[in-house]
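# Structure assessment
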Amino acid sequence: MRNMGVDVLEMSRHDHGGSVVVRLSGEMDVDNVSQVRKCLDEAVATNEPRLVVDLTGLTFIDTTGLGVLVRLLASLRERGRTMALVAPDGLVLRRLRRTNLAPLFAIYDTLPEALA
(Lines give C-alpha, C1' and ligand atoms only; values in the text may rest on other atoms or scores of the structure.)
Protein backbone atom coordinates (compact mmCIF):
# COMPACT_ATOMS: atom_id res chain seq x y z
CA MET A 1 0.00 0.00 0.00
CA ARG A 2 1.33 3.46 -0.86
CA ASN A 3 0.53 6.66 0.97
CA MET A 4 2.02 9.93 -0.33
CA GLY A 5 5.04 8.07 -1.71
CA VAL A 6 5.79 6.23 1.53
CA ASP A 7 5.26 2.51 2.09
CA VAL A 8 2.77 2.13 4.93
CA LEU A 9 3.70 -0.58 7.42
CA GLU A 10 1.36 -3.55 7.51
CA MET A 11 1.54 -6.31 10.11
CA SER A 12 -0.21 -9.64 10.48
CA ARG A 13 0.12 -12.57 12.87
CA HIS A 14 -0.93 -16.20 12.73
CA ASP A 15 -0.12 -19.46 14.49
CA HIS A 16 1.42 -22.31 12.57
CA GLY A 17 1.91 -25.56 14.51
CA GLY A 18 4.26 -24.58 17.34
CA SER A 19 5.35 -21.33 15.73
CA VAL A 20 3.82 -17.92 15.61
CA VAL A 21 4.42 -16.04 12.38
CA VAL A 22 4.50 -12.26 12.15
CA ARG A 23 4.56 -10.75 8.66
CA LEU A 24 5.80 -7.22 8.21
CA SER A 25 5.54 -5.30 4.96
CA GLY A 26 6.26 -1.72 3.99
CA GLU A 27 8.70 0.48 5.89
CA MET A 28 9.86 -0.21 9.45
CA ASP A 29 11.43 2.87 10.97
CA VAL A 30 11.52 5.15 13.99
CA ASP A 31 8.03 6.44 13.15
CA ASN A 32 6.34 3.05 13.56
CA VAL A 33 8.75 0.94 15.58
CA SER A 34 6.55 1.16 18.68
CA GLN A 35 3.69 -0.46 16.71
CA VAL A 36 6.03 -3.20 15.54
CA ARG A 37 7.30 -3.78 19.08
CA LYS A 38 3.71 -4.08 20.33
CA CYS A 39 2.80 -6.56 17.59
CA LEU A 40 5.90 -8.67 18.29
CA ASP A 41 5.31 -8.54 22.06
CA GLU A 42 1.76 -9.82 21.49
CA ALA A 43 3.14 -12.63 19.34
CA VAL A 44 5.63 -13.59 22.06
CA ALA A 45 2.82 -13.58 24.64
CA THR A 46 1.23 -16.54 22.82
CA ASN A 47 3.99 -18.66 24.41
CA GLU A 48 4.62 -20.63 21.23
CA PRO A 49 8.17 -22.00 21.38
CA ARG A 50 9.23 -20.36 18.12
CA LEU A 51 8.72 -16.95 16.54
CA VAL A 52 9.14 -16.49 12.80
CA VAL A 53 9.29 -12.91 11.55
CA ASP A 54 8.64 -12.71 7.82
CA LEU A 55 10.40 -9.63 6.48
CA THR A 56 9.86 -10.49 2.81
CA GLY A 57 7.53 -7.54 2.25
CA LEU A 58 9.69 -4.94 3.99
CA THR A 59 10.97 -2.27 1.65
CA PHE A 60 12.97 -0.42 4.32
CA ILE A 61 14.29 -1.02 7.84
CA ASP A 62 16.32 1.46 9.86
CA THR A 63 18.54 0.92 12.89
CA THR A 64 15.65 1.28 15.32
CA GLY A 65 13.89 -1.59 13.55
CA LEU A 66 17.04 -3.70 13.65
CA GLY A 67 17.37 -2.92 17.35
CA VAL A 68 13.87 -4.22 18.03
CA LEU A 69 14.72 -7.52 16.33
CA VAL A 70 18.00 -7.91 18.25
CA ARG A 71 16.40 -7.17 21.63
CA LEU A 72 13.54 -9.55 20.89
CA LEU A 73 15.97 -12.31 19.95
CA ALA A 74 17.88 -11.84 23.21
CA SER A 75 14.65 -11.88 25.21
CA LEU A 76 13.44 -15.08 23.55
CA ARG A 77 16.78 -16.83 24.06
CA GLU A 78 16.68 -15.97 27.78
CA ARG A 79 13.35 -17.83 27.94
CA GLY A 80 14.63 -20.85 25.99
CA ARG A 81 12.66 -19.93 22.88
CA THR A 82 13.83 -19.43 19.31
CA MET A 83 13.38 -16.89 16.55
CA ALA A 84 13.87 -17.05 12.80
CA LEU A 85 13.73 -14.41 10.11
CA VAL A 86 12.50 -14.76 6.55
CA ALA A 87 14.63 -12.34 4.57
CA PRO A 88 15.33 -13.29 0.98
CA ASP A 89 18.11 -11.49 -0.83
CA GLY A 90 17.23 -7.81 -0.87
CA LEU A 91 17.43 -4.63 1.15
CA VAL A 92 16.66 -6.13 4.57
CA LEU A 93 19.18 -8.95 4.22
CA ARG A 94 21.83 -6.53 2.96
CA ARG A 95 21.17 -4.25 5.96
CA LEU A 96 21.50 -7.22 8.34
CA ARG A 97 24.79 -8.21 6.72
CA ARG A 98 26.23 -4.67 6.62
CA THR A 99 25.54 -4.18 10.31
CA ASN A 100 27.05 -7.61 11.11
CA LEU A 101 23.75 -8.73 12.66
CA ALA A 102 23.00 -11.54 10.18
CA PRO A 103 25.05 -14.17 12.08
CA LEU A 104 22.88 -13.67 15.16
CA PHE A 105 19.73 -14.89 13.42
CA ALA A 106 18.51 -18.02 11.71
CA ILE A 107 17.64 -16.52 8.32
CA TYR A 108 15.62 -18.28 5.63
CA ASP A 109 14.75 -17.40 2.03
CA THR A 110 11.11 -18.48 2.29
CA LEU A 111 8.46 -18.94 4.95
CA PRO A 112 8.03 -22.68 4.22
CA GLU A 113 11.77 -23.16 4.78
CA ALA A 114 11.57 -21.31 8.10
CA LEU A 115 8.61 -23.43 9.21
CA ALA A 116 10.11 -26.80 8.17
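Described in the following lines is the structure provided in the data block.

### With respect to unusual backbone geometry
In terms of backbone geometry, most residues other than glycine have negative phi values and most peptide bonds are trans. Of note in this structure, asparagine 47 is not a glycine but carries a positive phi near 65°. Note that asparagine 47 resides in the loop between α1 (33-44) and β5 (50-61). Here the phi dihedral of asparagine 100 falls at roughly 60°; this positive angle occurs in a residue that is not glycine. With respect to the helices and strands, the residue asparagine 100 is situated in the loop between α3 (91-98) and β7 (106-108).

### Some thoughts on the pattern of salt bridges
By the definition in use, this model includes 3 salt bridges. With a shortest N-O distance of 3.7 Å, glutamate 42 and arginine 13 are connected by a salt bridge. Of this pair, glutamate 42 sits in helix α1 while arginine 13 sits in strand β3 (residues 10-16), and the two are 29 residues apart along the sequence. Between glutamate 42 and lysine 38 there is a salt bridge; the shortest N-O distance is 3.5 Å. Of this pair, glutamate 42 and lysine 38 both sit in helix α1, 4 residues apart, which is roughly one turn of the helix. What makes glutamate 42 partly exposed here is its relative accessible area of 36%. Where salt bridges share partners, they join Arg13, Lys38 and Glu42 into one cluster.

Conventions adopted
- Residues numbered from 1 in each chain as written.
- Predicted model: local features only at pLDDT ≥ 70, side-chain atom pairs only at ≥ 80, totals over all residues.
- Heavy atoms only, no water.
- Helix = DSSP H or I, 4+ residues; strand = E, 2+ residues; numbered from the N terminus.
- Salt bridge = Lys/Arg side-chain N within 4 Å of Asp/Glu carboxyl O.
- Buried < 20%, exposed > 50% of the residue type's maximum accessible area, 1.4 Å probe, protein only.

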